[in-house]
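# Geometric and topological summary
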Amino acid sequence: MKQGDSVYRVLFVEDEGLGQPRVDGILNLTDKTEYVRATSLREARALLQSGRFDVVIADESRLRRVIDSIFTFVGLFSVGGVVMDVNQSPLTESTLGREQVVGHRFVDLPWFAHSAAERARIDTAITSAAYGETVRLETWIRSARDGGLRCIDAGFSPLRDQNNVITHVIGSGVDITGRKQAEMELAASQMRLAEAQRVAHIGSWEWSVADNRVSWSDELFNIYGIDRAAFDASYEGFLARVHPDDVEHTTTVIRRAVEGVTPFIYDHRVRRPDGSVRMLHTRGEVLPDVEGRAGRLVGSCWDVTDRWQATQQLEHTVSTLKATLEATADGILVGDRDGRVAALNQRFLALWRLPSDTAPGTDIRRLAEMVRDQLVEPDAFVGLVAELYGDAEMESHDIIHFKDGRVYERYSMPQRMGDAICGRVCSFRDVTQREQLMQSVEARRAEAETARKQYETILERISDGFVALDRTWRFTYLNSAAARTMGRNVEDLIGKHIWGEFPEGHAEKFKRAYEQAAEEQRPLQIREFYSPWQRWFENRIYPSSGGVSIFVSDITEQVEAQQELHANNEQLRALAARLDAIREEERRVIAREIHDQIGQALTSLKLDVGWLRSQLDGGGSAAVDERARAMEALVDQTIETTRRVSAMLRPAILDDLGLAAAIRWQVREFQQRVGVACELDLPADGPAVAPAIGLSLFRIVQEALTNVARHAQARHVRVGLAIDSVSTVLTVSDDGRGVTVEELERPTSLGIVGIRERALAVGGEVTIQGSAGVGTTLTVRVPTVIEQMPVATMPTQ
Amino acid sequence: MTRILLVDDSDDVRRSVRAVLALALADVAVGEANNAGAALVILDREPWDLVLLDLSLPDRRGLDALRDIHRLHPAVPVIVLSFNPEAEYAAAARAAGAVGYVVKGSSPDVIALAVTRALS
């Protein structure tokens, strides 16, 4: 019996001794049994000569021989499963004696000793056959000879007698171990292939050209991102998955391969249903058909998307680098480890005025020699180039000066790939302008430094202290005068915080002034007493963006002198006021005296002369009458003089009728005497001010009117007085030429000084405003003091 | 009989005015006081038809004396006789109750005229 043949051919030789039922059982060996019947030996021989037969069945003895000779198991079992007969070949194969098998239950044979499960399956199969079923199964038996397991394709069929009663069970078995192992190995190898394809992202395909059928491996479906069911398994179905831009190329490649029946390799992209694109590297072979034309195309596709993307990225990076290299304003030279040009940009060539066709591979030392004539220090330059290409690790930065004034800056550093040095990159930049600028900046800085030193020399020479503070109130400079004033060394204070050195508790006013000056960015001047040193200081503070500068002067002596002067002035003023009061009192007394004594005498005299004249009326001589008239005239004249002298000394009206009446009288007198129109604005009634104030204001009015008469060239004068509970305000204004500031400040303006002193004596203040062409206004404001109830103070005569 | 009180601290002035009054009026009795206090006492003690009052008195300010006399004896007209010629004085005197103001240094006629007017 041959394995692998699809049909099992049996030659049937009819024989008297061979019962039909037994033949039936044997014919059930396989489903694919084809049997040919021969009714004689001669016929059987002829049939055997004409074709292939697996089995020849003849009479019993012949049958025995045949059965024994076939390399398969054929057994006859009782319906209870006891082996009645068995052919020889399995016994031989298993080195078992017939007596070890026949008469024993089939399942108890050594073949099934290894597995209770197999015994149960066989037992069930035999029982089923005993009940009329034909059972086919694969079972594993243990070889009695080598102990190895063997796979048997087994069948069990019922055997019936003439009355169709099942009398026996026929069992058969074919060793299919080899095929089984081949099948298992094939399955395993297919699994390994699929796994390998999956891991490697390699899919395989096959295209049967004649019937346009395409088959793909599982991994290829994975690569295309589609299900097997979704694929139209044809060439067109495949093309539909190819990226539109690659379809033309694909069809060209495949057409050539088909036409030339030649292998092919090409790359193409595919588009997945989700829109993503994969790059496939495809190798294919064309298998010719019997006519030598392309019958099938088989091949593999490798998903090289990652590599492709990396390549794309790399190309992009390289192009970016190339573009950068050319776009940069720097000249770039890349050398290899042998000191030859690996890359350079046009800017490098332009900077060094080298031929534009200088190619990679040129010796860089030679380039250095070519440019050396341009340089101020060619030997140093060439030397450094040699040094750089002799020492791969070296990094350098230097400035290169050219004879024509150009200045280049060079950076040089090793080029590394990973940890390894593979060359050197030098960049050159034209810094001529920058260098010129820096030289000019340096020159300016030197000038500034000189100026600063000169400045400091000056600051050292001045007697005032000078202090510079930065914005954080730290000393940045102070001259020795300032240090002396502070009782410290210059070096000890530089960098120190001023309010740390001079706690602000004592220096609060200075601190506020410094901060104010810094904040408002305007100079400030203060004079303050610094209590820890018991000294007065004047600070002139000048703010700047960097902090404040302060001139410090110790003005203690000055202040003390001023205070002394002020005290002296106060004494003088008090003395003057006292003298004035005394003079006023004297005037008042003299005026009263003139008034009372001389005035009364003249009054009496006037009346008496009148009386005398009346007595003489008509009876006296003309000469007496004449004398009397002369006397009367003289008396009148004397009275007038008396009044005038008295009023000049102290107008009685001030004491008798008060300030307003006195002003009214005085203004009227002024108007008559000087001829300037006057206007009055006086309180009609109301409280009278205290005599001292009244006297001061009256004298001020007199002084002011005198000034108007002397200097103002006025046409109108207005005198006003306003009294309220707080202050009494006197104003005298004219429309004259206007007093000037110089006149006001002139020490010889005694009238004005007098006015101020009089006002000051009663606690008042004076403002005088002059405006050219408009006039002068004098305003005196004094605190209102209401007149005390009058008491008789005048001594009787 | 016309009774006139003459108040002035000057003896000379009183004498001269008395002479003027005697000459000007037919039947006149002149009383004299040399200060304000005395004047008020005399005014209380006897009836007077007219007071001639100087404003410069040793004990009080003349205007204050005038106000007191006018307040206490409103029926008695007062003529002020003052050395001060200023109108302010006359106005002040009138405000204080005087019916006339004669400046000292005026002729006797003026005094006589003022007295005559005051009494009529």
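All figures in this text were calculated on a predicted structure; none of them were measured in a lab. (Residues numbered from 1 in each chain as written. Chains lettered and ligands numbered in written order. Predicted model: local features only at pLDDT ≥ 70, side-chain atom pairs only at ≥ 80, totals over all residues.)

## Some remarks on the overall build of chain B
Within chain B, the regular secondary structure consists of 5 helices and 5 strands. Expressed as a percentage of contacts within chain B between residues at least 6 apart in sequence, the contacts between residues at least 24 apart total 61%. (Helix = DSSP H or I, 4+ residues; strand = E, 2+ residues; numbered from the N terminus. Contact = placed C-beta atoms within 7 Å.)

## Some thoughts on the overall build of chain A
Looking only at helices and strands, chain A has 26 helices and 28 strands in total. Of all 797 residues assigned to chain A, the portion counted as buried reaches 26%. Here the contacts in chain A between residues at least 6 apart in sequence split such that 49% fall between residues at least 24 apart. (Buried ≥ 20, exposed ≤ 12 C-beta atoms within 10 Å, placed from the backbone.)

## Observations concerning the nonpolar core
Most often, soluble globular proteins have nonpolar side chains that are buried together. Ranked by internal contacts, the top residues of the largest apolar core, which has 81 residues, are V701 of chain A together with L52, L66, I79 and V80 of chain B. With 10 residues, helix α24 (residues 691-712) of chain A is the largest single contributor of residues to this core. The residues touching V80 of chain B, leaving out its near neighbours within four places in the chain, are L53, L55, L66, A93, A98 and Y101 of chain B. Counting 22 residues, the second-largest nonpolar core is a separate cluster that includes A125, I126, A129 and C151 of chain A. (Core = buried A, V, L, I, M, F, W, Y, C linked by C-beta atoms within 7 Å.)

## Describing the sheet that holds strand β23 (residues 547-554) of chain A
Residues and elements named next belong to chain A. The strand order β20-β19-β23-β22-β21 describes an open sheet built from 5 strands, whose pairing is antiparallel. Of all strands in the sheet, those bounded by a partner on one side alone are β20 (475-478) and β21 (524-530). Taking the axes of each pair of neighbouring strands and ignoring which way they run, one obtains an average angle of 25° across the sheet. Strand direction decides the pairing type here: β21 and strand β22 (residues 535-544), joined by 7 bridges, are antiparallel. Paired with Y530 across the two strands is R535, which belongs to β22. (Pairing = 2+ DSSP bridges. Axes fitted to C-alpha atoms, helices over the stretch in contact; angles between N-to-C directions.)

## Topic: the interface of chain B and chain A
Counting residues at the interface gives 26 residues for chain B and 29 residues for chain A. Listed by contribution, the elements that provide at least two residues to the side of chain B that touches chain A are α1 (11-24) and α4 (87-95) of chain B. By residue number, the principal contributor to the side of chain B that touches chain A is α1 of chain B, which donates 7 residues. Considering only residue class, the side of chain B that touches chain A consists of 12 nonpolar, 6 polar and 8 charged. (Nonpolar A, V, L, I, M, F, W, Y, C, P; charged D, E, K, R; others polar.)

## Here's the deal with the sheet that holds strand β16 (residues 396-401) of chain A
Residues and elements named next belong to chain A. Reading across from one edge, β15-β14-β18-β17-β16 is the order of the 5 strands in this open sheet, with antiparallel pairing throughout. Bordering the open sheet on either side are β15 (341-344) and β16, each of which pairs with just one other strand. Ignoring which end each strand starts from, the neighbouring axes of this sheet average 20° apart. Examined bridge by bridge, strand β14 (residues 331-336) and β15 share 3 bridges and lie antiparallel to one another. Across the sheet, the residue bridging to L333 is L344, located in β15.

## Structural notes on the pairing of strand β5 (residues 83-86) of chain A
All names here are of chain A. Of the pairings in the sheet, the one linking strand β4 (residues 73-78) to β5 comprises 3 bridges and is antiparallel in character. Bridging from a neighbouring strand, G75 pairs with V86 of β5. Between the end of β4 and the start of β5, which pair antiparallel, lie 4 residues, with G81 showing a positive phi angle near 95°.

## Section: unusual backbone geometry
Residue and element names in this part refer to chain A. A positive phi angle, near 50°, is found at V261, a position not held by glycine. Here V261 shows up in the loop between α10 (247-260) and β11 (264-271). With 16 C-beta atoms packed within 10 Å, V261 lands in the partly exposed category. In this structure, Q521 takes a positive phi of about 50° despite not being glycine. With 10 C-beta atoms packed within 10 Å, Q521 lands in the exposed category.

## Some words on helix α13 (residues 364-371) of chain A
If you check which residues of α13 of chain A are buried, you get I364, L367 and A368 of chain A. With its buried residues spanning 105° around the axis, α13 of chain A presents them on a single face. (Arc of directions from axis to C-beta.)

## Observations regarding the packing of helix α23 (residues 659-674) of chain A against α24 of chain A
Residues and elements named next belong to chain A. Contact geometry of α23 with α24 gives a least axis separation of 10 Å together with a crossing angle of 15°. In terms of orientation, α23 lies roughly parallel with respect to α24. α24 is crossed by α23, and the crossing has right-handed handedness. Across the interface between the two elements, L659, A662, I663, Q666, F670 and V674 from α23 touch G694, L697, F698, V701, Q702, L705 and A709 from α24. In the contact of α23 with α24, the residues fall into 10 nonpolar, 3 polar and no charged. (Parallel < 35°, antiparallel > 145°, perpendicular 65-115°, else oblique. Left-handed = near helix turned anticlockwise from the far one by under 90°.)

## A look at the packing of α13 of chain A against helix α14 (residues 378-390) of chain A
Residue and element names in this part refer to chain A. Following both chains from N to C, one finds α13 and α14 inclined at 170°, their axes separated by 10 Å at the closest point. Between α13 and α14, the angle is such that the two are roughly antiparallel. Of the residues in α14, those in contact with I364, R365, A368 and E369 of α13 are F381, V382, V385, A386 and Y389. Grouping the amino acids of the contact of α13 with α14 by side-chain chemistry returns 7 nonpolar, no polar and 2 charged.

## Overview of the confidence of the model for chain B
On average, chain B scores 91 in pLDDT, and the residues at 70 or more come to 100%. ipTM for the predicted complex: 0.92, alongside a pTM of 0.44. (pLDDT = per-residue confidence, 0-100.)

## Here we look at α10 of chain A
Side chains of residues three or four places apart in an α-helix project in the same direction, reflecting 3.6 residues per turn. All names here are of chain A. Under the 1.5 Å per step criterion, the end-to-end length of α10 is 20 Å for 14 residues, consistent within 8% with the ideal 20 Å. All buried positions along α10 are accounted for by T250, I254 and A257. For α10, the buried positions fall inside an angular range of 60° around the axis, keeping them on one side. Exposed and oriented more than 90 degrees from the buried face of α10 are E248, T252, R255, R256, E259 and G260. (Expected span 1.5 Å × (residues − 1).)

## Structural notes on the environment of L333 of chain A
Residues and elements named next belong to chain A. With respect to the helices and strands, L333 occurs in strand β14. Residue L333 is classed as buried on the basis of its 24 C-beta neighbours within 10 Å. For L333 and S412, which are 79 residues apart along the polypeptide, the C-alpha to C-alpha distance reads 9.3 Å. Beyond its immediate stretch of four places on either side in the chain, L333 contacts V341, L344, F348 and C426.

## Points about the environment of A759 of chain A
All names here are of chain A. With respect to the helices, strands and loops of the structure, A759 is situated in helix α26 (residues 750-761). Between the C-alpha atom of A759 and that of V780, which follows or precedes it by 21 residues, the distance is 7.1 Å. Contact partners of A759, with chain neighbours within four places excluded, come to S696, I700, G764, E765, V766, V780 and V782.

## What to know about the confidence of the model for chain A
Residues and elements named next belong to chain A. Residue-level pLDDT values for chain A average 84, and 89% of them are 70 or greater. Across residues 16-30 the pLDDT falls below 50, and counting only partners more than four positions away or on other chains, this stretch makes 28 contacts in the model. For residues 789-797, every residue scores under 50 in pLDDT, and the model assigns this stretch 9 contacts once sequence neighbours within four places are set aside.

## Some remarks on the environment of R535 of chain A
Residues and elements named next belong to chain A. Position of R535 relative to the elements: it lies in strand β22. For the pair R535 and E560, spaced 25 residues apart in the sequence, the C-alpha separation amounts to 10.0 Å. Apart from the residues lying within four places of it in its own chain, the contact partners of R535 are Y530, D554 and T556.

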